[in-house]
Amino acid sequence: MEYDLSNWPEIDLQKVRASFSEVPLGAYPELAGYSRADIHEGLQGQGGLFLASDMARMLNLQPGMRVLDLGSGAGTTSIFLARTYRVSVYAVDEQFPESLSQRASALGVGDLVCPIRSDCRQLPFSTDYFDAVFSMNALFYFGTDDFFPSYLLRFIKEGGELVVGSPCYRDELSADAPEEFLLEFPACMAVHSPEWWRHHFAKTRQALVLHSELHPRGVEFWEDRVRFLLEAQASKDLSPRRRDMIYAIIRMLNRDVNGFVSHFMLHAKKINQGKGVA
């Protein structure tokens, strides 16, 4: 259903609820006890802890493992991983709130979440340090050059895993793509298709890519995020930046009737060099 923007920024919540779907909490038992605010707040991009849950399910996480949360932002995903799986999470980002350690401690995982302020392209770790790498709604900002996958894989133990979840295009963006699809221009020029990401890691010959596909809720994540933001705060109280962002997403959803702008997940395992698949 197309949402009428003719009266924007005036919002009719009844029409919002009729136009935009909501991800069902019951589909995520690991989020029992979380509110929708818990799932979305403190996270950039779409999917919230719904996407984080789906990504984590792909990994064989066991208590005590070391996990790198790359581009962790405010650390919400890091706390979630530590609480749910009892893994030690290194939350790496150039910027995160000073309160992250306090938040982790208040939720009982202060000893499991280690915030590290660092450029994600200059990681301060030794080779083979991590059992798994987790990166949500972040990798396209810094990880698209040809050298980055091999660089990142050096920090994962042989047999260790990598999971990426992010906005994507179903296919590579064409030169005549509709303007409405170019969200966050020019950052959107680094957003790629699942097949592009598959090849990006497989060509290293150090990664066996087990999965790189559109998320079945890929479009729904956009709708769920818009609905949450508009229900959680009156439009007149939204910051200009957030209001513009919501407007741009709704314009995209109105134009994209075939699910071209979506989300994907990639799951790979580090292997001996020479055994990857191109």
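Reading the values: rules and limits
Counting of residues starts from 1 at the beginning of each chain's written sequence and follows it residue by residue. For a predicted model such as this one, the threshold for reporting local features is a pLDDT of at least 70, and the threshold for listing and counting side-chain atom pairs is 80 or more; totals across whole chains, interfaces and linings nevertheless cover every residue. Note that water and hydrogens are dropped before the side-chain values are worked out from all heavy atoms of the structure. By the criteria applied, helices consist of DSSP H or I runs no shorter than four residues and strands consist of E runs no shorter than two, each listed in order from the N terminus. Restricting the calculation to C-alpha atoms gives the radius of gyration, and the globule rule supplies 2.2 Å times the number of residues raised to the power 0.38. A 1.4 Å probe rolled over the protein chains alone gives each residue an accessible area, and that area as a share of the maximum for its type sets the label: buried under 20%, exposed over 50%, partly exposed in between. Throughout, a residue-residue contact means that at least one pair of heavy atoms, one from each residue, lies within 4.5 Å. Positive residues here are Lys and Arg, negative ones are Asp and Glu, while His and the chain termini are left out of the count. Charge placement uses NZ in Lys and CZ in Arg. For Asp and Glu, CG and CD serve respectively. Here, the term nonpolar core denotes a set of buried Ala, Val, Leu, Ile, Met, Phe, Trp, Tyr and Cys residues that are joined through side-chain atoms within 4.5 Å. Here, any two strands with at least 2 DSSP bridges between them count as paired. Only C-alpha atoms enter the line fits that serve as axes; for helices the fit covers just the stretch in contact. Angles between N-to-C directions range over 0 to 180 degrees. Here a polar contact is recorded for every N or O atom pair within 3.5 Å, except that within protein the pair must consist of a potential hydrogen donor and a potential acceptor, and residues adjacent in sequence are included only if both atoms are side-chain atoms.

**Re the overall build of the protein**
For the protein, the helix and strand inventory stands at ten helices and seven strands. The C-alpha radius of gyration of the protein comes to 19 Å, within 12% of the 19 Å expected for a compact globule of 278 residues. Principal-axis analysis of the C-alpha atoms gives the protein an extent of 55 × 45 × 30 Å. Taken over 278 residues, the protein has a buried fraction of 53%. Considering only intrachain contacts with a sequence separation of at least 6, the fraction spanning at least 24 residues in the protein is 74%. Where the 28 positive side-chain charges of the protein centre and where its 36 negative ones centre are 4 Å apart.

**Focus: the nonpolar core**
Burial of nonpolar side chains together is a common tendency in soluble globular proteins. Leu68, Leu70, Leu123, Phe125, Leu162, Ile250 and Leu266 are the most contacted members of the largest nonpolar core, which totals 56 residues. In this structure Leu123 touches Leu68, Leu70, Val92, Ser118, Tyr151, Leu152 and Phe155, once residues within four positions along its chain are discounted. Listed in part, the 36 residues of the second largest apolar core include Tyr85, Phe96, Val109 and Met136.

**Some details on unusual backbone geometry**
Note the cis peptide between Trp8 and Pro9, where omega equals 10 degrees. Tracing the sequence through the fold places Pro9 in the segment before helix 1 (13-19). Residue Pro186 is bonded to the preceding Phe185 through a cis peptide linkage, with omega at 5 degrees. Positionally, Pro186 belongs in the loop between strand 5 (156-169) and helix 8 (194-202). Its identity is not glycine, yet Arg86 carries a phi of approximately 55 degrees, on the positive side. As for its position among the elements, Arg86 is in the loop between helix 4 (76-85) and strand 2 (88-93). A relative accessible area of 40% means that Arg86 is categorised as partly exposed. Non-glycine residue Asp128 carries a positive phi angle of around 60 degrees. As for its position among the elements, Asp128 is in the loop between strand 3 (113-117) and strand 4 (130-136). Judged by relative accessible area, which is 38%, Asp128 ranks as partly exposed.

**Let's talk about the sheet that holds strand 7 (residues 261-270)**
Pairing within the open sheet is mixed, and its seven strands lie in the order 3-2-1-4-5-7-6. At either end of the open sheet lies a strand with only one pairing partner, and these are strand 3 and strand 6 (207-214). Looking at each pair of strands side by side, their axes are set apart by 15 degrees on average, direction ignored. With five bridges joining them, strand 1 (residues 66-70) and strand 2 adopt parallel strand pairing. Residue pairing for strand 2: Arg66 is matched across the bridge by Ser88.

**Quick notes on the environment of Asp38**
Here Asp38 is to be found in helix 2 (residues 36-40). On the accessibility criterion, Asp38 (39% relative accessible area) is partly exposed. It is 29 Å that separates the C-alpha atoms of Asp38 and Asp4, two residues lying 34 residues apart in sequence. A polar atom in the side chain of Asp38 sits 2.9 Å from the backbone nitrogen of Ser35.

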